[in-house]
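Residues per chain are reported as follows:
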4 protein chains.
Amino acid sequence: MASTEEVAAFIAAEFPQTKCTVLEVGNGGATVSHQIGHGELRPGGTVSGPVLMSIADVALYVAILGEIGLVPMAVTTSLTINFLRKPAADRSIVGVCKLIKVGKSLAVGEVYLYSQGSNDAVAHVVGTYSIPPRRQ
Amino acid sequence: MASTEEVAAFIAAEFPQTKCTVLEVGNGGATVSHQIGHGELRPGGTVSGPVLMSIADVALYVAILGEIGLVPMAVTTSLTINFLRKPAADRSIVGVCKLIKVGKSLAVGEVYLYSQGSNDAVAHVVGTYSIPPRRQ
Amino acid sequence: MASTEEVAAFIAAEFPQTKCTVLEVGNGGATVSHQIGHGELRPGGTVSGPVLMSIADVALYVAILGEIGLVPMAVTTSLTINFLRKPAADRSIVGVCKLIKVGKSLAVGEVYLYSQGSNDAVAHVVGTYSIPPRRQ
Amino acid sequence: MASTEEVAAFIAAEFPQTKCTVLEVGNGGATVSHQIGHGELRPGGTVSGPVLMSIADVALYVAILGEIGLVPMAVTTSLTINFLRKPAADRSIVGVCKLIKVGKSLAVGEVYLYSQGSNDAVAHVVGTYSIPPRRQ
């Protein structure tokens with residue numbers, strides 16, 4: 001297992017291009033946040049779907065790292081997203097991940113995505129990760 | 001909105017072939033139970049995937065009825081299931097649904113399925129329902 | 001690899017409860033058929049969703065067996081179904097599977113389901129199977 | 001219905017930020033291409049998942065526009081992606097969409113994503129779009 005600080009440092013070093021901030025990791029879940037700027041918006045002032053997916057993907061990855069340790073080779077194998085409401089254009093997106101299963105070779109989790117300050121999810125994601133055979 | 005008793009009576013009348021028992025409806029969710037007999041098992045003593053899917057489908061439907069009233073024409077439009085663990089062969093399956101969104105034309109919910117008495121989900125489902133234009 | 005006849009005999013022996021008929025296996029795919037009787041119908045004369053899912057699941061399994069040989073331990077890990085049109089109540093359902101990937105540990109395929117004689121799919125399924133480590 | 005040229009011009013005007021090129025629209029499908037640069041890569045030299053999803057999303061949208069005309073308000077409601085193989089770091093990604101259903105209020109399609117020049121898909125996507133009530 002890895003702490004919030006360890007996971008945040010790992011993400012910053014290995015994925016310098018991500019704009020996600022790791023807020024919390026542990027207890028079979030994780031919370032991340034992502035600032036929304038002009039580049040993430042689509043016409044109509046909505047956050048683009050791929051940006052939402054990327055935040056969910058990071059939330060899942062971070063939650064898994066919290067459980068299995070800092071394994072760089074875990075890869076997403078599938079992801080299902082349901083878009084629920086139009087996100088606010090001027091709020092960060094917060095992703096709250098809860099792991100459903102962490103098995104030997106496969107991890108499954110779900111992520112609720114919110115516009116910061118709202119309790120109504122803008123999207124819901126279920127994703128699966130393949131875990132490499134030898135864990136560190 | 002409809003109460004647990006109203007939904008249970010509606011299901012018994014409209015879907016007499018279902019083996020699901022409606023345990024609770026309300027607060028944006030529902031709980032159903034389904035006895036497992038020989039006919040629901042696959043080789044190896046596991047509950048068949050389609051049986052799990054059908055329980056999740058009923059849990060979702062029942063939860064939606066609880067929110068929008070007794071609308072017989074709501075239909076499933078999509079369903080994603082992740083199989084997580086082998087269910088017990090001799091326990092009922094319990095489906096716990098939480099609605100994620102109930103919109104004008106589409107409802108989305110998730111269902112955790114458990115072997116009765118266990119806290120480890122055997123499967124997780126996300127499903128969407130199309131709601132007919134005129135609600136009762 | 002296994003032939004249509006070998007796969008059909010295997011399914012008949014290992015899954016005697018299935019009502020699916022294996023029509024063809026090979027070339028990275030499979031076609032199965034399933035007669036529809038009163039027990040498979042829902043109110044309104046439509047084929048129930050779980051029956052459609054079970055046919056897709058068999059089509060996928062059969063296609064995978066055709067590729068990797070008669071491995072009884074392959075299990076479905078996830079399945080996403082989109083319901084497209086109301087199936088005919090008095091026609092068999094035909095499932096046409098095309099494998100998308102057959103890897104060492106995971107196979108992915110899609111299935112189109114039709115009412116026999118129609119070219120408009122009633123449902124579309126994407127499913128993943130976990131393949132046991134040692135293939136026969 | 002709209003031609004390849006009309007759809008390409010519409011996308012260029014309404015979504016100037018997309019890097020996708022519309023190659024072909026029609027016959028219930030579409031093909032798009034997306035150049036891969038340093039910004040789309042993840043550690044290990046692989047194309048990031050969200051980039052793949054965004055290409056599939058555009059392919060679906062473009063195919064739907066080809067069928068229903070230039071409707072700016074169609075929105076993605078769900079998307080399921082299976083990641084199959086590591087994409088080449090130095091090839092464009094080509095997305096080939098085939099529509100499965102175009103109904104009054106919902107369209108469903110699938111997209112195979114390839115590294116240019118390869119016949120082995122790197123990812124497979126099924127997506128649904130909500131179509132606004134009044135079509136142009």
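Residues numbered from 1 in each chain as written. Chains lettered and ligands numbered in written order. Predicted model: local features only at pLDDT ≥ 70, side-chain atom pairs only at ≥ 80, totals over all residues. Heavy atoms only, no water.

Description of the overall build of chain A
Secondary structure summary: chain A contains two helices and eight strands in total. For chain A, the N- to C-terminal ordering of α and β elements is α-β-β-β-β-α-β-β-β-β. Taken over the C-alpha trace, chain A has a radius of gyration of 14 Å; the compact-globule value for 136 residues is 14 Å, and the two agree within 12%. In terms of principal-axis extent, the alpha carbons of chain A reach across some 45 × 25 × 20 Å. For chain A, with 136 residues in total, the buried portion stands at 59%. Side-chain charges in chain A split into 10 positive and 10 negative, and the spacing between the mean points of these groups amounts to 8 Å. (Helix = DSSP H or I, 4+ residues; strand = E, 2+ residues; numbered from the N terminus. Rg over C-alpha atoms; globule rule 2.2 N^0.38 Å. Buried < 20%, exposed > 50% of the residue type's maximum accessible area, 1.4 Å probe, protein only. Lys, Arg positive; Asp, Glu negative; His and termini not counted. Charge placed at Lys NZ, Arg CZ, Asp CG, Glu CD.)

Considerations on the relation of the copies chain D and chain A
The two copies are related by a screw motion: chain D maps onto chain A through a turn of 180 degrees and a shift of 0.0 Å along the axis, at an RMSD of 0.0 Å. With respect to symmetry, the two chain copies, as superposed, fit the operation of a two-fold axis. Looking at the rotation axis and the C-alpha trace of chain D, the residue lying nearest is Thr80 of chain D, at 2.1 Å. Comparing interface residues between copies, 100% of those in chain D also sit at the interface in chain A, which points to an isologous, same-surface contact. (Least-squares fit on C-alpha atoms with pLDDT ≥ 70 in both. Contact = heavy atoms within 4.5 Å.)

Some remarks on the packing of aromatic side chains
All names here are of chain A. Applying the stated criterion across every chain, the model contains 12 aromatic pairs over all chains. Between Phe15 and Tyr61 the ring centres are 5.6 Å apart and the planes differ by 85 degrees, which places this aromatic pair in the edge-to-face class. Here the residue Phe15 occupies a position in the loop between helix 1 (4-14) and strand 1 (20-26), and Tyr61 occupies one in helix 2 (residues 49-68), the gap between them amounting to 46 residues. Phe15 sits in the buried class, given a relative accessible area of 11%. (Phe/Tyr/Trp six-rings, centres within 6.5 Å; stacked < 30°, edge-to-face > 60°.)

Comments concerning the packing of helix 1 (residues 4-14) of chain C against helix 2 (residues 49-68) of chain C
Residues and elements named next belong to chain C. Where helix 1 contacts helix 2, the two axes come as close as 10 Å, and the packing angle between them is 130 degrees. Considering their axes alone, helix 1 and helix 2 lie oblique with respect to each other. Crossing handedness for the pair helix 1 and helix 2: right-handed. Where helix 1 approaches helix 2, its residues Val7, Phe10 and Ile11 are matched on the opposing element by Tyr61, Val62, Leu65 and Gly66. The residue makeup of the contact of helix 1 with helix 2, split by class, is six nonpolar, one polar and no charged. (Axes fitted to C-alpha atoms, helices over the stretch in contact; angles between N-to-C directions. Parallel < 35°, antiparallel > 145°, perpendicular 65-115°, else oblique. Left-handed = near helix turned anticlockwise from the far one by under 90°. Nonpolar A, V, L, I, M, F, W, Y, C, P; charged D, E, K, R; others polar.)

Topic: helix 1 of chain C
Residue and element names in this part refer to chain C. Every buried residue of helix 1 is accounted for by Thr4, Val7, Phe10 and Ile11. In a view along the axis of helix 1, the buried residues occupy a sector of 130 degrees, so they form one face of it. Away from the buried face of helix 1 by more than 90 degrees, exposed residues Glu5, Ala12 and Ala13 are located. The inward-facing, buried residues of helix 1 abut strand 1 (20-26) and helix 2. (Arc of directions from axis to C-beta.)

Things to note about unusual backbone geometry
Residues and elements named next belong to chain B. Of note, the phi angle at Asn27 is positive, near 55 degrees, even though the residue is not glycine. Position of Asn27 relative to the elements: it lies in the loop between strand 1 (20-26) and strand 2 (29-34). Residue classification places Asn27 among the exposed residues on the basis of a relative accessible area of 83%.

Things to note about the sheet that holds strand 1 of chain C
Strand order in the open sheet formed by 12 strands is 1(B)-2(B)-6(B)-7(B)-8(B)-5(B)-5(C)-8(C)-7(C)-6(C)-2(C)-1(C), and the pairing between neighbours is antiparallel. Both outer strands of the open sheet, strand 1 of chain B together with strand 1 of chain C, are each paired with one neighbouring strand and no more. The sheet shows a mean angle of 20 degrees between the axes of neighbouring strands, direction not considered. Looking at chain direction, strand 1 of chain C and strand 2 (residues 29-34) of chain C are connected through six bridges and run antiparallel. From the neighbouring strand, Glu24 of chain C faces strand 2 of chain C, where its bridge partner is Thr31 of chain C. (Pairing = 2+ DSSP bridges.)

Some thoughts on the sheet that holds strand 1 of chain A
Hydrogen bonds along the backbone pair up the strands of a sheet, which may run parallel or antiparallel. Taken in spatial order, the 12 strands of this open sheet run 1(A)-2(A)-6(A)-7(A)-8(A)-5(A)-5(D)-8(D)-7(D)-6(D)-2(D)-1(D), and their pairing is antiparallel. A single partner strand is all that each edge strand has here, and the edge strands are strand 1 of chain A together with strand 1 (20-26) of chain D. When the angles between neighbouring strand axes are averaged without regard to direction, this sheet yields 20 degrees. Docked against the sheet, helix 2 (residues 49-68) of chain D engages strand 5 (75-83) of chain A together with strand 1, strand 2 (29-34), strand 5 (75-83), strand 6 (93-102), strand 7 (106-115) and strand 8 (123-130) of chain D, running at close to 45 degrees with respect to strand 6 of chain D.

Describing the interface of chain D and chain A
With 18 residues of chain D in contact, the opposing surface of chain A contributes 18 residues. When chain D packs against chain A, close to 1600 Å² is buried across both sides, 54% of that on carbon and sulfur atoms. Across the chain D-chain A interface, the total number found is zero salt bridges. The interface formed by chain D and chain A holds five residue pairs in polar contact (both at pLDDT 80 or more) in total. (Buried area = accessible area lost by both parts, 1.4 Å probe. Salt bridge = Lys/Arg side-chain N within 4 Å of Asp/Glu carboxyl O. Polar contact = N/O pair within 3.5 Å; in protein donor to acceptor, adjacent residues only side chain to side chain.)

Considering the confidence of the model for chain A
On average, residues of chain A score 91 in pLDDT, and 97% of them reach the 70 mark or higher. This complex was scored by the predictor with a pTM of 0.93 and an ipTM of 0.91. (pLDDT = per-residue confidence, 0-100.)

Some words on the side chain of Asn82 of chain B
Relative to the helices and strands, Asn82 of chain B resides in strand 5 (residues 75-83). Of the residues examined, Asn82 of chain B reaches a relative accessible area of 5% and is grouped as buried. In contact with Asn82 of chain B, other than residues within four places in its own chain, are Val108, Val126 and Thr128 of chain A, Val122, Ala123 and His124 of chain B together with Thr77 and Ser78 of chain C.

Observations regarding the UniProt feature "transmembrane region" (unreviewed entry) in chain A
UniProt annotation of "transmembrane region" (unreviewed entry) refers to residues 58-84 of chain A when read in the numbering used here. With 41% helix and 33% strand, residues 58-84 of chain A has its two end C-alpha atoms placed 20 Å apart. (UniProt positions renumbered as here; feature names shortened; annotations may be inferred.)

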